[in-house]
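Report on the structure
One letter stands for each residue in the lines below.
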Amino acid sequence: MRSWAAALLALGLSLTAVSEAQVTVEKPEIPLSSEQEARLAELLPDLRCLVCQNESLAESRAPLALDLKYEVRGLVASGKSAPEIKQYLVDRYGDFVLFRPPFDPRTWLLWLGPIGLVLLALWVLLRQIRGSRRAAAAAPPPPVDDAALKKLLDE
């Protein structure tokens, strides 16, 4: 019985080790002219790392970002323009890949949502202030204790 358990444990550990191994493939260097290097350097900060989400593709060191940079480098080398490269990436990954998504019906909530939340917060605040003023104005004055008042006046 122990030999079966040991064999299953060994098999499980070996499968875990195999599943955790990462295959790295050496990619050939894509040479770029100085003009293409400048275009690439200008383009990468406008693209979002899909893993990090708050870093640009230029800043990220995530494996997926490195692959995406290599792909963008290949597109620049093939002569694609910046709008063509951005459109290719948007078609493949969605507007999320852009740090500044376009203002269109699909992204209105993204652009106008923060303004709407601020306006909603101001409206709630004003209602609270008006409600507290009305409550203070509508509250009757406290009753006067005539005996206590006469005692104070006599002193």
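Use the structure listed above.
The structure displayed is predicted, hence computed values, not measured ones.

Our next topic: the pattern of salt bridges. Following the criterion strictly, the structure yields five salt bridges and no others. The partner of D46 in a salt bridge is R100, and the shortest N-O contact between them spans 3.3 Å. Taken as a pair, D46 in the loop between α2 (34-43) and α3 (63-77) and R100 in the loop between α4 (82-93) and α5 (108-138) lie far apart in primary sequence, 54 residues in all. For R100, a relative accessible area of 58% corresponds to the exposed category. E71 is the salt-bridge partner of R92, the closest N and O atoms lying 2.5 Å from each other. Of this pair, R92 sits in helix α4 while E71 sits in helix α3, and the two are 21 residues apart along the sequence.

A surface patch of nonpolar side chains, about 1200 Å² in accessible area, is lined by F103, W108, L110, W111, L112, I115, V118, L119, L122, L125, L126 and I129. By secondary structure assignment, the location of F103 is in the loop between α4 and α5.

So, on to the nonpolar core. Counting residues in each nonpolar core, the largest one holds 19 residues, and the members touching the most others are L47, L57, V72, V76, I85 and L89. Counting only elements with at least two residues in this core, the list comes to α2, α3 and α4. Tallying contributions element by element places α3 first for this core, with five residues.

Turning next to the packing of α2 against α3. Any two packed helices are characterised by how steeply their axes cross, that is the angle between the axes, and by the distance between the axes. Two elements in contact, α2 and α3, have axes separated by 10 Å at closest approach and are oriented at 135°. The pairing of α2 with α3 is recorded here as oblique in orientation. For α2 against α3, the interelement crossing comes out right-handed. Taken together, the residues of α3 that come into contact with α2 (itself represented by Q36, E37, R39, L40 and L43) are V72, R73, V76 and A77. Split into classes, the residues belonging to the contact of α2 with α3 amount to five nonpolar, one polar and three charged.

Moving on to α4. Helix length check: α4, at 12 residues, gives a terminal C-alpha distance of 16 Å against a target of 16 Å (1.5 Å per residue), a fit within 8%. For α4, every residue scored as buried is listed here: I85, L89 and V90. The buried residues of α4 all sit within an arc of 135° when viewed along its axis, so they share a single face. Opposite its buried face, α4 presents the exposed residues P83 and D91, each directed more than 90 degrees away. Each element contacted by the buried residues of α4 is listed here: α2 and α3. A positive backbone phi angle near 90° is found at G94, which sits one or two residues after α4.

What counts and how
- Residues numbered from 1 in each chain as written.
- Predicted model: local features only at pLDDT ≥ 70, side-chain atom pairs only at ≥ 80, totals over all residues.
- Heavy atoms only, no water.
- Salt bridge = Lys/Arg side-chain N within 4 Å of Asp/Glu carboxyl O.
- Helix = DSSP H or I, 4+ residues; strand = E, 2+ residues; numbered from the N terminus.
- Buried < 20%, exposed > 50% of the residue type's maximum accessible area, 1.4 Å probe, protein only.
- Patch = residues over 30% accessible without salt bridge, like charges linked within 9 Å, V, L, I, M, F, W, Y side chains within 5 Å.
- Areas by Shrake-Rupley, 256 points an atom, 1.4 Å probe, with all protein chains shown as cover.
- Core = buried A, V, L, I, M, F, W, Y, C linked by side-chain atoms within 4.5 Å.
- Axes fitted to C-alpha atoms, helices over the stretch in contact; angles between N-to-C directions.
- Parallel < 35°, antiparallel > 145°, perpendicular 65-115°, else oblique.
- Left-handed = near helix turned anticlockwise from the far one by under 90°.
- Contact = heavy atoms within 4.5 Å.
- Nonpolar A, V, L, I, M, F, W, Y, C, P; charged D, E, K, R; others polar.
- Expected span 1.5 Å × (residues − 1).
- Arc of directions from axis to C-beta.

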